[in-house]
Amino acid sequence: MKPGIHPAYRHVVFRDRAAGFAFLTRSTATSDRTVEWEDGRTYPVIDVEVSSASHPFYTGTARVLDTAGRVQRFERRYGKGSP
């Protein structure tokens, strides 16, 4: 890699404040805020809105839409359209 043109690649904590979940990984993302991690070291922290701990798809709380039932209910209520 060419020296001096790439951002620093370092350990960063990503924290989902809604779920109370955090994980340590490496990233080029930057932050002015820091947090002390479980190993006693201080790392930059980035707060995220959604993570696998709070996203409905991963938590199993996602709702499946019944589009076929909605179409049938519409056709019952208003009749089938003319072809």
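As the structure is a computational prediction, the values presented were derived from the model and not from experiment.

### As for the overall build of the protein
Along the backbone of the protein there are two helices and four strands. Helices and strands appear in the protein in the N-to-C order β-β-β-β-α-α. Within the protein, the fraction of its 83 residues that count as buried is 13%. Residue pairs in contact within the protein that sit at least 24 positions apart in sequence constitute 32% of those at least 6 positions apart.

### Some points on the confidence of the model for the protein
When pLDDT is averaged along the protein, the result is 83, and 78% of the positions lie at 70 or above. Mean pLDDT in the protein bottoms out at helix α1 (residues 56–59), which sits at 62, and peaks at strand β3 (residues 34–36), which reaches 95.

Here is what the cut-offs are and how they apply
Residues numbered from 1 in each chain as written. Predicted model: local features only at pLDDT ≥ 70, side-chain atom pairs only at ≥ 80, totals over all residues. Heavy atoms only, no water. Helix = DSSP H or I, 4+ residues; strand = E, 2+ residues; numbered from the N terminus. Buried < 20%, exposed > 50% of the residue type's maximum accessible area, 1.4 Å probe, protein only. Contact = heavy atoms within 4.5 Å. pLDDT = per-residue confidence, 0-100.

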